[in-house]
Amino acid sequence: MREEMERREAAELRRSHQKPRSPEGWGLLMVLWYLAFYKPIITERHLRRKNIKFIFIRFSAWQYAGCDKLWAGLVTTLCDSVRHHFGALPLSVYHVMGTRPRFASGFSQKEWLLKRGTCLKLWGLLFVLGVGLSILLVALLVPGIKDHHALKVVGSAVTSLSGSSLVLGAFSILKNLLISEKQKIERLTNSEKFTSQLGFMSKVRREVEVLVDFLTFMEIFERRRLRVVLEITSLDICFPEKVAGVLNAMNTLLSDTNAPFIFILAVDPSVIVPCLEQTGCMKGLADNGYLYLNRTVTLPFSIPEMGARSRLRCLEAAIQTREDLMYRIITGNVERRRAKCQGIPAVPSLEEADAEAVRCIHEAFHCLHDGTDPLARYLPTNGAHLRRIVNTIPITLRLLLHRAGTSSPRAAAAWVVLADQWPCRLSWALQCLEDAGQNHLAPDFGGQSLWSIFQENLRELSALRQSLHNVLSLDGDPELFQTFLAHDFPFSAHDAHAFLAVTVNLDHSIRHKMGLLRGLDRLQKAAAAPVSRGVQCPH
């Protein structure tokens, strides 16, 4: 993501010749000036900007597992990190004097409008304050007028009224400077009336909305898009109700279509799904945690099993001491910086590989758009599933090219659709294929079709349908599955092996669960089978 950020920054600089601004040094004074006297306008030019800046925030759920509301810890971490990134002063001034960004009317390219009302009020207060001070000084210093108490009273009153307005504004800024959004939310959660506060969520939502508006303001000021990336870890070692609370908080923050948030949810689905099914948040979803995750996650990325080289690299990293590991990271950064300073050009093969990946992605998307292609009829009608497919196809194709795969973009797109629409049936076929390879039951199964493998083991899947009820409900139409694999896209076992290593939108915990159930079922059948008694050896 950092490399993509740098690439986009350089491309936008070549296109617009405008350098991004930063709220540091003189930039801080500029931010305060714009906050006080200008309204931000979202123009077409701003929406066309491609350069982006990621603000990375790490949230370990285990650190907040002891609090009553884990999702409150997520929101406070978000607010505190944004405040720390931009500084407390700009955010405090925005709370008091900031204006919510609005879209430009027409095709105006003007990104800032003067707050005429604020300027008139400020000049009016300063003028009245000056008049009051003048009257007070005249009443106190000019001979012959010192004895007139009326002028002293008028001057004091005018000075106090005008000065108090300025003092109140400064006091509000100082209050927001000292009391952060994190402290406000923590104060609400620690209240004895917390459980009965009907407006509590609205107050938290209001704080988040102010934060989102401030980020939009800073986008226009810095001349680039801003995205807050929250990496959520250790959620699968928390209590079930806390897991559901964090996911609900994620959905609340993402409910706004323009929300500048990206959540990276690093969890084990085999642990999270039972946690969700134990809570009350599954009502209306047939108590199925897989359905809930499918509606929450827009880009699934299930990491496949490690290969031999990956295992060796992990083993090497585990054996190395922490000092050695840090030394290697530092020396790697030094080498990269040295190469960058010396102006070493990029390797042409990398550029060629990227161009080839773009061509394959366009070809795959063309197959999805082509109404005459059979693949188009298998696309889901659900918008969330369509987004998952569109997000997954580029990653799958890039991984294929990285592994020097020879599959066509159309076949890769079809495999992504297959994994998204029928995850249970595909996982079953892959598990049966894996078991056959481990038991050496079919030495020439590479040319066997995936559909024939599924048919051969369909009776066994039917026997396990009660245990796999929640997973089976994820699948689409069974007849379409048969048409897909038997006629339109007859993937072979060899194709399945090639695609499995780059399949990121298939939950591999489903396949592992199937392997466990299949092994237990075979053990039960072996235990129930009659044992033949042979002749006992006298020795």
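What counts, and where the lines are drawn
Residues numbered from 1 in each chain as written. Predicted model: local features only at pLDDT ≥ 70, side-chain atom pairs only at ≥ 80, totals over all residues. Heavy atoms only, no water. Helix = DSSP H or I, 4+ residues; strand = E, 2+ residues; numbered from the N terminus. Buried < 20%, exposed > 50% of the residue type's maximum accessible area, 1.4 Å probe, protein only. Contact = heavy atoms within 4.5 Å. Areas by Shrake-Rupley, 256 points an atom, 1.4 Å probe, with all protein chains shown as cover. Phe/Tyr/Trp six-rings, centres within 6.5 Å; stacked < 30°, edge-to-face > 60°. Lys NZ or Arg CZ within 6 Å of the ring centre and 35° of its normal. Core = buried A, V, L, I, M, F, W, Y, C linked by side-chain atoms within 4.5 Å. Domains from an automatic or database assignment. Pairing = 2+ DSSP bridges. Axes fitted to C-alpha atoms, helices over the stretch in contact; angles between N-to-C directions. Parallel < 35°, antiparallel > 145°, perpendicular 65-115°, else oblique. Nonpolar A, V, L, I, M, F, W, Y, C, P; charged D, E, K, R; others polar. Expected span 1.5 Å × (residues − 1).

- The chain appears in an unreviewed UniProt entry as NKPD1 protein from Geococcyx californianus.

1. Topic: the overall build of the chain
Okay, so step 1: Scanning the chain from N- to C-terminus turns up 24 helices and 6 strands.
Okay, so step 2: Per-residue burial over the chain gives 38% buried out of 539 residues.
Okay, so step 3: Taking as baseline every contact in the chain between residues at least 6 positions apart, the subset at least 24 positions apart corresponds to 80%.
Okay, so step 4: Accessible surface for the chain amounts to roughly 31700 Å². Of this, 58% is attributable to carbon and sulfur atoms.

2. Brief notes about the packing of aromatic side chains
Okay, so step 1: Applying the stated criterion to the full structure yields 22 aromatic pairs.
Okay, so step 2: Consider the rings of Trp-422 and Phe-484, whose centres lie 5.6 Å apart with planes at 55°: the pair is tilted. Taken together, the positions of Trp-422 in the loop between α17 (409-421) and α18 (423-439) and Phe-484 in helix α22 (residues 478-488) put the pair 62 residues apart, joining distant regions of the chain.
Okay, so step 3: Judged by its relative accessible area of 1%, Trp-422 falls in the buried class.
Okay, so step 4: Residue classification places Phe-484 among the buried positions, given a relative accessible area of 0%.
Okay, so step 5: These aromatic residues form a ring-pair network of at least three members: Tyr-378, Trp-415, Trp-422, Trp-451, Phe-454, Phe-481, Phe-484, Phe-489, Phe-491 and Phe-499.
Okay, so step 6: The cationic tip of Arg-21 hangs over the ring face of Phe-221; the distance from NZ or CZ to the ring centre is 4.6 Å.
Okay, so step 7: Its guanidinium or amino end placed over the ring of Trp-428, Arg-518 lies 5.5 Å from that ring's centre, counting from NZ or CZ.

3. What to know about the nonpolar core
Okay, so step 1: Phe-261, Phe-484 and Phe-491 are the most contacted members of the largest nonpolar core, which has 104 residues in total.
Okay, so step 2: Of all the elements, helix α9 (residues 200-222) adds the most residues to this core, at 10 residues.
Okay, so step 3: Each of domain 1 (1-102 + 194-296) and domain 3 (308-525) accounts for three or more of the residues forming this core.
Okay, so step 4: For Phe-261, the contacting residues outside a window of four places in its chain are Leu-78, Val-208, Val-212, Leu-215, Val-228, Leu-230, Leu-253 and Leu-254.

4. Some remarks on the sheet that holds strand β2 (residues 52-60)
Okay, so step 1: Ordered in space as β2-β5-β6, the 3 strands form an open sheet in which the pairing is parallel. Edge positions in the sheet fall to β2 and β6 (261-265), since each has one partner strand and no second. Ignoring which end each strand starts from, the neighbouring axes of this sheet average 20° apart.

5. Overview of the packing of helix α10 (residues 240-253) against helix α11 (residues 269-278)
Helix packing for two helices is described by the angle between their axes and how far apart those axes are.
Okay, so step 1: Look at α10 against α11: their axes get within 8 Å of each other, and the N-to-C directions meet at 95°. When the axis of α10 is compared with that of α11, the two are roughly perpendicular. Where α10 abuts α11, its residues Pro-240, Val-243, Ala-244 and Leu-247 lie against Ile-272, Cys-275, Leu-276 and Gln-278.
Okay, so step 2: Among the residues forming the contact of α10 with α11, the class breakdown is 7 nonpolar, 1 polar and no charged.

6. A short note on helix α2 (residues 26-37)
Okay, so step 1: The first and last C-alpha atoms of α2 sit 17 Å apart over 12 residues, in line with the 16 Å expected at 1.5 Å per residue.
Okay, so step 2: Those residues of α2 that fall on the buried side of the exposure criterion are Gly-27, Val-31, Tyr-34, Leu-35, Ala-36 and Phe-37.

7. Focus: the sheet that holds strand β4 (residues 112-114)
For sheets, the rule is that strands pair by backbone hydrogen bonds, running either parallel or antiparallel.
Okay, so step 1: A sheet is described by the order of its strands in space; here 3 strands give the open sequence β3-β1-β4, paired in mixed fashion. Two strands in the sheet have a free side with no partner beyond their single neighbour: β3 (102-103) and β4.
Okay, so step 2: Bridge analysis of strand β1 (residues 38-42) against β3 gives 2 bridges, and the strand direction is parallel. Its bridge partner lying in β3, Ile-42 is registered against Phe-103.
Okay, so step 3: Here α2 sits on the sheet in contact with β1 and β4, set at roughly 90° to β1.

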